[in-house]
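Observations on the three-dimensional arrangement
If you want the building blocks of each chain, they are given just below.
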Amino acid sequence: MNDKHWTVEIDLSEQGDLTTAHAMLAAPGSAPMHGYGEAHRNPVDPPAARIGDEIAVARALTALTDKLHGAASTDVEHNVGQMSAR
């Protein structure tokens, strides 16, 4: 069995009506990947920090997912190119 461990760290920051999230994926043998997301609270809405956190984190993870999928697609294309060059 070949177990692997990847880590996602998420940092949140709140300033006024803006919540930002930074997600970082660390995988052995690879450069870290980063995703950023933010949420803006409408000033007329009551404060609900958890909602801003959830939206900002979801957006950061979506950005990170897009980057990871792009890297995987590039790796697949490279791998197929190597196989067809044989």
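Attention here is on the structure that accompanies the text. These numbers were taken from a predicted model, which means no experiment stands behind them. (Residues numbered from 1 in each chain as written. Predicted model: local features only at pLDDT ≥ 70, side-chain atom pairs only at ≥ 80, totals over all residues. Heavy atoms only, no water.)

**Comments concerning the sheet that holds strand 2 (residues 18–26)**
The cut-off we apply is this: Pairing between strands is defined by DSSP: at least two bridges between them are needed. Secondary structure elements follow DSSP: runs of H or I of four or more residues count as helices, runs of E of two or more count as strands, with numbering from the N terminus. Axis lines are fitted to C-alpha atoms, over the contacting stretch for helices. Their N-to-C directions set the angle, which ranges from 0 to 180 degrees.
As summarised here, the arrangement of the three strands in space is 1-2-3, forming an open sheet in which the pairing is antiparallel. Of all the strands in the sheet, just strand 1 (7–15) and strand 3 (33–40) have a single pairing partner and so form its edges. Adjacent strand axes in the sheet meet at a mean angle of 15 degrees when their direction is disregarded. Relative to strand 2, strand 1 runs antiparallel, the two being bridged by nine bridges.

**Considerations on the pattern of salt bridges**
Put simply, the rule is: One side-chain nitrogen of Lys or Arg within 4 Å of one carboxyl oxygen of Asp or Glu is enough to make a salt bridge. The cut-offs for exposure are 20% and 50% of the maximum accessible area for each residue type, with area from a 1.4 Å probe on protein chains only; residues under the lower value are buried, those over the upper are exposed, and the others partly exposed.
Applying the stated criterion to the full structure yields two salt bridges. Glu 54 is the partner of Arg 50 in a salt bridge, and the nearest nitrogen-oxygen pair spans 3.1 Å. A residue pair is termed a helical-turn pair when its members lie 3 or 4 positions apart in one helix, as Arg 50 and Glu 54 do in helix 1 (residues 49–84) at four residues. Residue Arg 50 is classed as exposed on the basis of its relative accessible area, which comes to 63%. Judged by its relative accessible area of 42%, Glu 54 falls in the partly exposed class.

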